[in-house]
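So you can see what is in the structure, the chains are spelled out below.
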Amino acid sequence: MDRRHTFTGFVEIIKALRAEGGCPWDREQTHDSLRPCMTEEAAELLAAIRIYNQTGNAENMREELGDILLQAVMHSVIAQEEGLFTIDDVIEEVSRKMIRRHPHVFGEMEAENSQQALGNWEEIKRQEKIGKSWIQSPLREIPEELPSLARACKVIKKADKLYGLPEKEDSFWERAEKGLSEMRKVEGSNQKKVQEEKLAEMLWLLAEFAYRKGLAPEQLLSDLTAEKVELFESGEE
């Protein structure tokens, strides 16, 4: 029978790659240099999930989950070298968090449906964030590294919860028509800066519309782009 590697063994493999006499490339990596890798690996995992949905073949998804795990372990090994924390600390932290944020499973609180469970999670998460030095404000807590449409929707959702959106839903079409009119006025001109500003405002407006309707514009645009690629390559577009 082929040898079955364990999680502990995998961590030792990564440590060996980072050790003296290991792989020159792996030894050069830092938390910062690995940032693009995590972005790419996350995207490739999403693609693998799409492939699985289309074909029922999970081989690529299994591989890409391994690459995500590799990133988590690599960062943890680097952190251990820096005297910050270990992979065991990471596992302990996330385990405690899962138990803490599911009191309806591991405690005495009840949750009759997913909405109540999510509400419990959000409230516990909010309490956990109080006093954290790296959180400048609730809105600035939302990562700038998110894709722009996804981040806009998260900012709008949190701003609505904290402060209330100033505009009513029924004003959307009026604002959309006004925005399109303003874009037409600068079309064909060399006012690139103005064009950029108007387009950004329209994208923000669409993000607000998506939030109000419970839509995920980042995923919707990604799915549509995939459909367009099929049409372009088939000559139908």
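Figured I'd write up the structure that's included with this text. (Residues numbered from 1 in each chain as written. Predicted model: local features only at pLDDT ≥ 70, side-chain atom pairs only at ≥ 80, totals over all residues. Heavy atoms only, no water.)

**Let's talk about the overall build of the protein**
Part 1 of the argument: When you go through the protein residue by residue, the secondary structure sums to 11 helices and 0 strands.
Part 2 of the argument: Counting from the amino terminus, helix and strand elements in the protein follow one another as α-α-α-α-α-α-α-α-α-α-α.
Part 3 of the argument: The C-alpha radius of gyration of the protein comes to 23 Å, more than 25% above the 18 Å expected for a compact globule of 237 residues.
Part 4 of the argument: Principal-axis analysis of the C-alpha atoms gives the protein an extent of 65 × 55 × 35 Å.
Part 5 of the argument: A total of 237 residues make up the protein; the buried ones form 20% of that total. (Helix = DSSP H or I, 4+ residues; strand = E, 2+ residues; numbered from the N terminus. Rg over C-alpha atoms; globule rule 2.2 N^0.38 Å. Buried < 20%, exposed > 50% of the residue type's maximum accessible area, 1.4 Å probe, protein only.)

**Observations regarding the layout of surface pockets**
Part 1 of the argument: Considering only enclosed or pocket space, the largest pocket measures out at about 1000 Å³ in volume.
Part 2 of the argument: Around the largest pocket sit 28 residues that line it, and Leu46, Leu146, Pro147, Ala150 and Glu218 are the ones nearest its centre.
Part 3 of the argument: Among the secondary structure elements, those contributing two or more residues to the lining of the largest pocket are α3 (35-55), α8 (148-162), α10 (192-213) and α11 (217-234).
Part 4 of the argument: With 9 residues, α3 is the largest single contributor of residues to the lining of the largest pocket.
Part 5 of the argument: Here the lining of the largest pocket is built from residues that sort into 17 nonpolar, 4 polar and 7 charged.
Part 6 of the argument: Quantified by volume, the second largest pocket comes out at close to 700 Å³. (1 Å grid on protein atoms, 1.4 Å probe; cavity = no way out; pocket = protein on both sides within 12 Å on 5 of 7 lines; lining within 4 Å. Points joined across faces, edges and corners; volume = space filled by probe spheres on them. Nonpolar A, V, L, I, M, F, W, Y, C, P; charged D, E, K, R; others polar.)

**Structural notes on the packing of α8 against α11**
The packing of two helices is summarised by the inter-axis angle and the distance between the axes.
Part 1 of the argument: Their axes nearest at 8 Å, the elements α8 and α11 cross at an angle of 155 degrees. As judged from the angle between their axes, α8 and α11 are roughly antiparallel. Contacts from Ser148, Leu149, Ala150 and Cys153 of α8 reach α11 at Pro217, Glu218 and Leu221. (Axes fitted to C-alpha atoms, helices over the stretch in contact; angles between N-to-C directions. Parallel < 35°, antiparallel > 145°, perpendicular 65-115°, else oblique. Contact = heavy atoms within 4.5 Å.)

**Considerations on the nonpolar core**
Part 1 of the argument: Listed in full, the 9 residues of the largest apolar core are Val11, Ile14, Leu34, Cys37, Val73, Met74, Val77, Ile78 and Ile87.
Part 2 of the argument: Those elements that provide at least two residues to this core are α1 (7-18) and α4 (59-81).
Part 3 of the argument: The element contributing the most residues to this core is α4, with 4 residues.
Part 4 of the argument: If sequence neighbours within four positions are ignored, Met74 has contacts with Ile14, Arg18, Asp26 and Leu34.
Part 5 of the argument: Counting 6 residues, the second largest nonpolar core, distinct from the first, contains Ala152, Cys153, Ala207 and Ala210. (Core = buried A, V, L, I, M, F, W, Y, C linked by side-chain atoms within 4.5 Å.)

**Points about helix α9 (residues 172-186)**
Part 1 of the argument: For α9, spanning 15 residues, the distance from its first C-alpha to its last is 22 Å, which sits close to the expected 21 Å at 1.5 Å a residue.
Part 2 of the argument: Of all the residues in α9, the buried ones are Phe172, Ala176, Gly179 and Val186. Taken down its axis, α9 places every buried residue within 90 degrees of arc, on the same side. In α9, the exposed positions that point more than 90 degrees away from the buried face belong to Trp173, Glu174, Glu177, Lys178, Arg184 and Lys185.
Part 3 of the argument: Check the buried side of α9 and you find it contacts α10.
Part 4 of the argument: Among the residues trailing α9, Gly188 stands out with phi positive, at a value near 85 degrees. (Expected span 1.5 Å × (residues − 1). Arc of directions from axis to C-beta.)

**Some details on the pattern of salt bridges**
Part 1 of the argument: This model, assessed by the stated rule, comprises 14 salt bridges.
Part 2 of the argument: As a salt-bridge pair, Glu92 and Arg96 come within 2.7 Å of each other at their nearest N and O atoms. Placement of the pair is Glu92 and Arg96 together in helix α5 (residues 87-100), with a separation of 4 residues, close to one helical turn.
Part 3 of the argument: Note on Glu92: relative accessible area 41%, which makes it partly exposed.
Part 4 of the argument: For Glu141, the salt bridge identified is with Lys158, shortest N-O distance 3.6 Å. You can see Glu141 sitting in the loop between α7 (114-129) and α8 and its partner Lys158 sitting in helix α8, a full 17 residues away along the chain.
Part 5 of the argument: Residue Glu141 is classed as partly exposed on the basis of its relative accessible area of 27%.
Part 6 of the argument: Bridged by salt links that share partners, the residues Asp32, Arg35 and Glu145 form one connected network. (Salt bridge = Lys/Arg side-chain N within 4 Å of Asp/Glu carboxyl O.)

**Considerations on the packing of α1 against α4**
Part 1 of the argument: Closest axis-to-axis distance for the α1/α4 pair is 10 Å, and the angle between their directions is 60 degrees. In terms of orientation, α1 lies oblique with respect to α4. Crossing of α1 over α4 shows right-handed handedness. Between α1 and α4, the residues in contact are Phe7, Phe10, Val11, Ile14, Lys15 and Arg18 and Leu69, Leu70, Val73, Met74, Val77, Ile78, Gln80 and Glu81, respectively. (Left-handed = near helix turned anticlockwise from the far one by under 90°.)

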